[in-house]
Amino acid sequence: MAPHVSCFFLAVLLSAGCEVITSAEQMCIEKEANKIYNCDNLGLSEIPDTLPNTTEFLEFSFNFLPTIQDTTFSRLINLTFLDLTRYVCECQINWIHENALQSHPQLSTLVLTGNPLVFVAETALNGPKALKNLFLIQTGISSLEFIPAHNMKNLEILHLGGNYISSIKFPKDFPTGNLKVLDFQNNAVHYLSREDMESLRPAANLSLNFNGNDIKGIEPGAFKSMVFKSLNFGGTVNLSVIFSGLHNSTIQSLWLGTYEDTEDQDLSSSVLEGLCEISVKSVNLQHHHFSNLSSATFQCFTHLQELDLTATHLEELPPGIKGMNSLKKLVLNVNKFAQLCQINAASFPYLTDLYIKGNLNKLQLGAGCLEKLENLQKLDLSHSDIEASDCCNLQLKNLPHLQSLNLSYNEPLGLQNEAFRACPRLEVLDLAFTHLHVNAAQSPFQNLHLLHVLNLSHCFLNTSNWHLLAGLTNLRHLNLQENRFQDGNIPKTNLFQTVGSLEILVLSSCDLSFIDQEAFHSLGNMIHIDLSNNNLTSNSILALSQFKGTYLNLATNSIRIVPPHLLPILSQQKIINLSHNPLDCTCSNIHFLTWYKENVQKLEDFEETRCANPPSLQGVQPSDVTLSCGITAVGIFFLTAFLFLLAALLIYVVKFFLRWKYQHI
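Here, residues in each chain are numbered from 1, in the same order as that chain's written sequence. This being a predicted model, a pLDDT of at least 70 is required before a residue's local features are given, and a value of 80 or more before pairs of side-chain atoms are given or counted; all residues contribute to the totals for chains, interfaces and linings. The basis for every side-chain value is the complete set of heavy atoms in the structure, and neither hydrogens nor water enter the calculation.

### Here we look at the sheet that holds strand E26 (residues 436-438)
Hydrogen bonding along the main chain pairs the strands of a sheet, whether they run parallel or antiparallel.
Here comes step 1: In space, the 3 strands of this open sheet follow the order E22-E24-E26, with parallel pairing throughout. On the outer flanks of this sheet lie strand E22 (388-391) and E26, each paired with one strand and no other. Strand-to-strand twist in this sheet, taken as the mean axis angle between neighbours without regard to direction, amounts to 30°.
Here comes step 2: Where E22 lies against strand E24 (residues 413-415), 2 bridges are found, and the strand directions are parallel. When the sheet's bridge partners are listed, Cys-391 is paired in E24 with Leu-415. Note on pairing: two strands pair once DSSP finds at least 2 bridges between them. Secondary structure is summarised from DSSP: a helix means a run of H or I of at least four residues, a strand means a run of E of at least two, and numbering begins at the N terminus for each. Note on method: axes are straight lines fitted to C-alpha atoms, helices fitted across the in-contact stretch only, with angles between N-to-C directions ranging 0 to 180 degrees.

This is the structure:
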């Protein structure tokens with residue numbers, strides 16, 4: 001495509017206005033030697049000489065690069081990923097010249113997001129034979145004719161969001177057969193014609209995004225016989241237009257949600273009848289309002305496998321809904337149910353996943369409200385102000401196949417012995433930020449022999465109950481963050497003795513000051529232990545002696561000096577975080593400082609691992625500390641003087657003693 005003269009002068013002016021600020025000290029960050037580099041926001045106007053020719057993955061965003069020439073990246077012939085994003089910058093890319101990427105046949109991803117492109121030559125992208133992902137978000141494009149059609153036969157993902165595109169008609173020579181994702185969100189597309197859609201027919205199972213365009217019309221037959229992995233018409237006010245336009249199409253996932261600040265039409269049963277003419281498995285209607293909600297509203301939902309009614313202002317689901325035997329996943333988040341029974345779960349007998357998260361009213365669990373959901377495997381009731389003095393057998397009655405239960409961020413719950421007897425196949429249980437009253441001497445989790453993950457963070461538990469975790473023979477991941485231990489100590493006999501299968505243990509922010517050296521003796525499979533944000537000193541490191549090859553987080557504790565006999569314990573770990581400890585960087589800690597320098601590769605967050613003492617080294621990284629801990633010349637002088645005086649004193653004493661002795665003969 002030939003450039004207009006005005007465009008040329010505009011690009012020249014933009015280029016001339018760029019002020020390049022570089023610094024010799026600014027270096028690209030090496031993420032993987034000779035392959036992956038981040039050169040973002042360094043004020044660069046060209047590829048630095050320090051960047052190796054073997055670079056494959058390059059992040060070069062927020063630099064000063066108004067044009068791309070055929071020589072700009074020419075020596076980086078192995079590039080597979082190139083990110084040239086701009087957003088707030090004086091000098092965005094405006095001009096991409098002929099054969100600009102001819103030296104990069106392996107380039108598969110090109111990101112040009114945020115660059116106000118004035119001109120892109122027809123041959124600009126000829127080089128990358130493997131180009132699969134192209135990001136042209138917020139580049140000022142108003143027509144698809146602007147995109148070079150050459151060398152696009154392998155293109156799979158094309159992002160065009162945030163532009164001024166009004167027609168999605170591709171040029172005839174633009175190959176769309178391999179497209180998997182095509183994103184037009186937040187453009188100016190308001191009408192879809194048959195001709196527009198015809199260019200996309202070669203793309204099978206496409207994910208097509210029109211979110212934020214407010215489609216006002218679709219020509220009849222435009223989508224006829226087309227198959228999509230997903231279609232997104234988010235923000236469209238009139239859904240009747242969408243339903244009529246999608247007749248005789250096949251869609252895996254159809255997103256029709258709107259937003260809180262969007263005024264949309266209420267959904268009536270007559271509007272939703274359009275779903276009967278579409279083959280669709282998943283529908284999202286979030287933030288819509290239903291008018292005259294009844295069982296008839298759901299008459300065209302019978303073929304759905306997933307239905308998302310998040311924030312649809314529901315206070316109950318009507319009784320008598322028929323034919324929902326295909327529905328596997330139901331999302332009812334952020335609604336206004338007062339009782340769990342108001343969802344009329346019996347209407348959805350084959351559900352495997354149910355989400356009622358963030359309910360806007362205090363949700364009463366009731367008794368047996370879900371007992372008809374014998375196939376339920378995942379249940380999320382978090383953030384719903386649930387409160388129960390005796391949970392959870394009556395409430396979760398007849399859920400024998402439940403594998404995942406989320407009751408986090410709720411009001412206080414009382415747990416008795418075997419509180420989850422109704423769902424013995426649980427594998428994941430999340431009770432975080434829910435105050436638990438364990439009203440029994442035995443474990444409320446005693447029958448959960450298949451449980452793998454248990455989140456009890458911020459639960460105000462009585463950790464002195466040694467039987468609290470009894471029965472959890474297959475527990476792998478335990479989170480006890482922000483729970484307190486008596487006197488800040490973990491004694492030799494404790495609640496961990498019954499969970500020998502643990503691999504991940506989180507004890508951060510538990511106000512711990514000491515751990516007995518045999519406290520973890522039963523935990524032989526540990527791979528990750530988090531003891532951060534406590535008051536532990538090096539005295540507790542001995543408790544970790546049996547762990548080998550683990551991730552060990554000791555950040556933000558009170559570790560000052562690590563004695564030499566504890567260093568082998570640290571050496572046998574895989575990764576260690578010692579950041580934000582008041583480390584002593586004097587000769588009293590010389591053995592640790594030596595170890596630290598020899599084991600930097602093991603240390604996580606070492607940038608925040610700094611000295612606290614002496615004051616002269618405060619804030620310095622231990623790896624940068626050099627100490628001379630031998631006897632100095634001044635020390636030798638005083639030692640010699642001391643020995644001389646001591647010898648003189650001994651001679652004087654001996655002479656005095658001998659004189660006294662002879663005087664008394």
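### Remarks on the state of the cysteines
Here comes step 1: Cysteine sulfur atoms are paired as a disulfide whenever they come within 2.5 Å of each other. Evaluation of the coordinates by the stated rule reveals 6 disulfides.
Here comes step 2: Bridging Cys-391 to Cys-392, the disulfide has an S-S length of 1.7 Å. Residues Cys-391 and Cys-392 are joined through a disulfide that is right-handed, its torsion about the S-S bond being 90°. For the pair formed by Cys-391 and Cys-392, the shared burial category is buried.
Here comes step 3: Among the cysteines around Cys-459, which has no disulfide bond, Cys-510 carries the closest sulfur, lying 11 Å off.
Here comes step 4: By relative accessible area, Cys-510 is classed as buried at 1%. Under the scheme applied here, a residue whose accessible area is under 20% of the maximum for its type counts as buried, over 50% as exposed, and between as partly exposed, the area being computed with a 1.4 Å probe on protein chains only.

### Some remarks on the nonpolar core
Taken as a class, soluble globular proteins show a tendency for nonpolar side chains to be buried jointly.
Here comes step 1: The term nonpolar core refers to a set of buried residues drawn from Ala, Val, Leu, Ile, Met, Phe, Trp, Tyr and Cys, joined through side-chain atoms within 4.5 Å. Formed by 183 residues in total, the largest nonpolar core has its most connected members in Phe-420, Phe-496 and Phe-520.
Here comes step 2: The contact criterion used throughout is that any non-hydrogen atoms of two residues lie within 4.5 Å. Setting aside chain neighbours within four positions, we find Phe-520 in contact with Ile-490, Phe-496, Leu-505, Leu-507, Ile-515, Ile-529, Ala-543, Leu-544, Gln-546 and Phe-547.

### Describing the environment of Arg-560
Here comes step 1: With respect to the secondary-structure elements, Arg-560 resides in the loop between strand E33 (551-553) and helix H5 (567-571).
Here comes step 2: Beyond its immediate sequence surroundings of up to four residues, Arg-560 is in contact with Pro-582, Leu-583, Asp-584, Asn-589 and Asn-613.

### As for the pattern of salt bridges
Here comes step 1: We define a salt bridge as a contact between a side-chain nitrogen of Lys or Arg and a carboxyl oxygen of Asp or Glu at a distance within 4 Å. Evaluation of the coordinates by the stated rule reveals 12 salt bridges.
Here comes step 2: We note a salt bridge from Glu-503 to Arg-476, for which the minimum N-O separation is 3.8 Å. Of this pair, Glu-503 sits in the loop between strand E29 (489-490) and strand E30 (504-506) while Arg-476 sits in the loop between strand E27 (453-455) and strand E28 (477-479), placing them 27 residues apart in sequence.
Here comes step 3: Across the pair Arg-484 and Glu-482 runs a salt bridge whose closest N-O atoms are separated by 3.4 Å.

### Section: the packing of aromatic side chains
Here comes step 1: Only rings of Phe, Tyr and Trp enter the pairing, Trp through its six-membered ring, and a pair is recorded when the two centres are within 6.5 Å. The plane angle decides the type: under 30 degrees is stacked, over 60 is edge-to-face, the rest tilted. This model, assessed by the stated rule, comprises 17 aromatic pairs.
Here comes step 2: The rings of Phe-184, Phe-210, Phe-223, Phe-228 and Phe-233 are connected pair by pair, giving a single aromatic cluster.

### Let's talk about the sheet that holds strand E8 (residues 119-120)
Here comes step 1: Read across the sheet, 3 strands follow the order E4-E6-E8 without closing on themselves; strand pairing throughout is parallel. Of all the strands in the sheet, the pair left with one neighbour each is strand E4 (67-68) and E8.
Here comes step 2: Bridging between E4 and strand E6 (residues 95-96) involves 2 bridges; their strand directions are parallel. Bridge pairing links Thr-67 to Trp-95 in E6.

### Describing the environment of Thr-72
Here comes step 1: If you trace the backbone, Thr-72 turns up in the loop between E4 and strand E5 (81-83).
Here comes step 2: Along the primary structure Thr-72 and Phe-514 are separated by 442 residues, whereas in three dimensions their C-alpha atoms are 59 Å apart.
Here comes step 3: Residues in contact with Thr-72, not counting those within four places in the same chain, are Ile-47, Leu-65 and Thr-67.
Here comes step 4: Counting of polar contacts relies on pairs of N or O atoms within 3.5 Å, with two restrictions inside protein: one atom must be capable of donating a hydrogen and the other of accepting it, and residues adjacent in sequence are counted only when both atoms are side-chain atoms. Within the structure, the side chain of Thr-72 is placed 2.8 Å from the backbone nitrogen of Gln-69, a separation counted as a polar contact.

### Overview of the side chain of Asn-479
Here comes step 1: Counting through the fold element by element, Asn-479 comes out in strand E28.
Here comes step 2: You can call Asn-479 buried: its relative accessible area is 13%.
Here comes step 3: A distance of 2.9 Å separates a polar atom in the side chain of Asn-479 from the backbone nitrogen of Gln-481.

### A short note on unusual backbone geometry
Here comes step 1: For the bond running from Cys-391 to Cys-392, omega is 20°, close enough to zero to count as cis.
Here comes step 2: Relative to the elements of secondary structure, Cys-392 occurs in the loop between E22 and strand E23 (404-406).
Here comes step 3: Residues Asn-613 and Pro-614 are joined by a peptide bond in cis, for which omega reads 0°.
Here comes step 4: Tracing the backbone shows Pro-614 in the loop between strand E36 (611-613) and helix H7 (633-663).
Here comes step 5: Here the phi dihedral of Asn-292 falls at roughly 50°; this positive angle occurs in a residue that is not glycine.
Here comes step 6: Tracing the backbone shows Asn-292 in the loop between strand E17 (279-284) and strand E18 (306-308).
Here comes step 7: Asn-292 sits in the exposed class, given a relative accessible area of 71%.
Here comes step 8: Positioned with a positive phi, Glu-482 is a non-glycine residue whose angle comes to about 65°.
Here comes step 9: Topologically, Glu-482 is positioned in the loop between E28 and E29.

On their own, these measurements won't tell you what the molecule is for.
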